[in-house]
Amino acid sequence: MTASRNSRNPATADELRRAGLRVTAARVALLDTVREGDHLDAEALTRGVRRRVGHVSLQAVYDALHALTAARLVRRIQPPGGPARFEGRVGDNHHHVLCRSCGVLADVDCAVGDAPCLTASDDHGFVIDEAEVIYRGLCPDCSTLSSSPAP
Ligand SMILES: [Zn+2]
Ligand SMILES: [Zn+2]
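The rules behind each value
- Residues numbered from 1 in each chain as written.
- Chains lettered and ligands numbered in written order.
- Predicted model: local features only at pLDDT ≥ 70, side-chain atom pairs only at ≥ 80, totals over all residues.
- Heavy atoms only, no water.
- Donors = N, O, S within 2.8 Å, 3.2 Å for Na, K, Ca; no water.
- Tetrahedral: all angles 85-135°; square planar, octahedral: opposite > 155°, others 65-115°.
- Helix = DSSP H or I, 4+ residues; strand = E, 2+ residues; numbered from the N terminus.
- Buried < 20%, exposed > 50% of the residue type's maximum accessible area, 1.4 Å probe, protein only.
- Pairing = 2+ DSSP bridges.
- 1 Å grid on protein atoms, 1.4 Å probe; cavity = no way out; pocket = protein on both sides within 12 Å on 5 of 7 lines; lining within 4 Å.
- Points joined across faces, edges and corners; volume = space filled by probe spheres on them.
- Nonpolar A, V, L, I, M, F, W, Y, C, P; charged D, E, K, R; others polar.
- Domains from an automatic or database assignment.
- Axes fitted to C-alpha atoms, helices over the stretch in contact; angles between N-to-C directions.
- Parallel < 35°, antiparallel > 145°, perpendicular 65-115°, else oblique.
- Contact = heavy atoms within 4.5 Å.

**Concerning the coordination of the zinc ion (ligand 2)**
Summarising the metal site, the zinc ion (ligand 2) is bound by the protein donors His39 (NE2), Glu87 (OE), Glu87 (OE), His94 (NE2), His96 (NE2) and Asp107 (OD), whose distances to it range over 1.9 to 2.7 Å. For the zinc ion (ligand 2), the six donor atoms in the first shell make angles of 54 to 168° at the metal, a pattern classed as irregular. One chain supplies every donor for the zinc ion (ligand 2), spaced along it as H-x47-E-x6-H-x1-H-x10-D. Here His39, found in the loop between helix H2 (25-36) and strand E1 (40-41), pairs with Glu87, found in strand E3 (residues 85-87); they are 48 residues apart in sequence, far enough to count as distant. Judged by its relative accessible area of 3%, His39 is buried.

**Considerations on the sheet that holds E1**
Strand pairing in a sheet takes place through backbone hydrogen bonds and is either antiparallel or parallel in direction. Read across the sheet, three strands follow the order E1-E3-E2 without closing on themselves; strand pairing throughout is antiparallel. Taken across any chain shown, the strands that pair with only one partner, and hence form the sheet edges, are E1 and strand E2 (75-77). As paired elements, E1 and E3 share two bridges and run antiparallel to each other. When the sheet's bridge partners are listed, Asp41 is paired in E3 with Arg85.

**Observations regarding the layout of surface pockets**
Here the largest pocket defines a volume of roughly 290 Å³. Contributing to the lining of the largest pocket are 13 residues, with Arg72, Arg75, Val90, Gly91 and Glu130 lying nearest its centre. For the lining of the largest pocket, the residue count by class is three nonpolar, three polar and seven charged. Looking at the lining of the largest pocket, you find at least three residues from each of domain 1 (5-77) and domain 2 (92-141).

**Concerning the coordination of the zinc ion (ligand 1)**
For the zinc ion (ligand 1), every protein donor is listed as Cys99 (SG), Cys102 (SG), Cys139 (SG) and Cys142 (SG), and the spread of their distances is 2.3 Å. Viewed at the metal, the four donor atoms of the zinc ion (ligand 1) are separated by angles of 104 to 113°, and the geometry they form is tetrahedral. Between consecutive donor residues of the zinc ion (ligand 1), the sequence gaps follow C-x2-C-x36-C-x2-C. Here Cys142 lies in helix H5 (residues 140-147) and Cys102 lies in the loop between strand E4 (95-99) and strand E5 (105-108), a separation of 40 residues in the sequence. Taking relative accessible area as the criterion, Cys142 reaches 11% and is therefore assigned buried.

**Re the packing of H2 against helix H4 (residues 58-70)**
As a packed pair, H2 and H4 sit with axes 10 Å apart at the nearest point and diverge in direction by 70°. As far as their axial angle goes, H4 and H2 are roughly perpendicular. Along the contact surface, H2 presents Arg27, Leu30, Leu31 and Val34, while H4 presents Val61, Ala64, Leu65, Ala67 and Leu68. Here the contact of H2 with H4 is built from residues that sort into eight nonpolar, no polar and one charged.

Shape is all these values report; function is a separate question.
In structure tokens form, the structure reads like this:
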């Protein structure tokens, strides 16, 4: 894919505006980068934003990610022991599978249907509207590597 130099994607800018966020070239570039990427972390997103709009500090990207996540335009996934990852697929409460070896993260659709797809064994009186599961194991590449006999 060719990196778009268009830092002012009008549709993305509109979404930011509708969400009540200040529209900046960096935020537009960030939201586009999150959506085109596949569960990228903040450092990878920063590289993507810089390709689009030039220098942006890592801290500015963190701040913008915080605002986009709070506005529910972006979903944050926090794998245990690794950096947070971000994606543009929001609102469907899907889950993730994480490779313990190489860190690849993939989507897993909800097991039953609409959110929340998991019924808590004890809801502690909460009205639960979200459930997040991170399945962990080895991806096909890593499991082939670890199970093939030494040459
Ligand atoms: Zn792997
Ligand atoms: Zn996902």
